[in-house]
Amino acid sequence: MENNQDLTLNYEANGKDSSNAVHDQDCIFLTKAVEEAYAAVSCGDGGPFGAVVVKDGEIVVQCHNMVLRNTDPTAHAEVTAVRMACKKLGRRDLSDCEIYASCEPCPMCFGAIHVSKIKRLVYGTEAEAAVAVGFDDFIADAIRGTAKFQKVHLEIKKADGGVAEAARGVFQKTKSQFAMY
Ligand SMILES: [Zn+2]
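The name that an unreviewed UniProt entry assigns to the protein chain is CMP/dCMP-type deaminase domain-containing protein, with the source organism given as Marchantia polymorpha. As stated in UniProt under Sequence similarities (unreviewed entry), the record for the protein chain gives "Belongs to the cytidine and deoxycytidylate deaminase family."

Asker: What exactly am I supposed to notice about the pairing of strand E2 (residues 50-55) here?
Answerer: Both faces of the sheet carry side chains from a regular strand, because those side chains alternate between them. Counting buried positions along E2 gives 5 out of 6 residues, so the element sits mostly inside the fold. As defined by bridge partners, E2 adjoins strand E3 (residues 58-64) across 6 bridges and the pair is classed as antiparallel. Within the sheet, the bridge partner assigned to Gly50 lies in E3 and is His64. The hairpin formed by E2 and E3 contains 2 residues between the paired strands, and Asp56 there has a positive phi angle of roughly 50 degrees. Bridge count for E2 against strand E4 (residues 97-103) is 5 bridges, and the pairing is antiparallel. For Lys55, the partnering residue across the bridge sits in E4 and is Cys97.

Rules and cut-offs
- Residues numbered from 1 in each chain as written.
- Predicted model: local features only at pLDDT ≥ 70, side-chain atom pairs only at ≥ 80, totals over all residues.
- UniProt positions renumbered as here; feature names shortened; annotations may be inferred.
- Buried ≥ 20, exposed ≤ 12 C-beta atoms within 10 Å, placed from the backbone.
- Helix = DSSP H or I, 4+ residues; strand = E, 2+ residues; numbered from the N terminus.
- Pairing = 2+ DSSP bridges.

Here is the structure:
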């Protein structure tokens with residue numbers, strides 16, 4: 001997986017935050033999430049979604065969708081990442097952590113991000129990329145939905161540039177390799 005250094009990130013969501021800087025690290029961690037998305041399919045663990053939790057610039061956990069492996073419809077990449085990060089850190093509060101998701105989080109995952117108090121979300125591609133290969137279009141209901149109260153304390157960025165293209169390409173490149181659930 002290439003490490004695209006010319007990534008730009010567009011600030012979305014609440015607009016009041018002044019930390020609208022492009023972080024080189026965002027590209028690195030988002031690329032890890034995209035790699036996890038491919039791994040989910042190649043391992044047969046689940047759909048092509050990956051997530052990475054980061055604290056103080058260090059990866060706490062990197063995970064992918066485990067729906068098939070765990071026979072668990074809730075084992076989305078972000079939910080799995082939140083669970084594993086809490087277990088690893090030994091606490092329920094992830095307010096000093098950031099999460100990188102290969103794709104726009106669905107409402108369930110967005111809820112998990114919210115209740116864990118994660119401070120920042122960076123995602124690679126919009127829900128439409130997943131919907132195009134057959135995933136439920138409810139994914140787009142989270143960030144673009146009406147749950148504004150859940151977004152007040154969360155900085156949300158959507159990637160642009162090379163890493164966003166990489167994240168978007170996951171679905172078309174893997175769609176013949178997994179059974180839709
Ligand atoms: Zn989800």
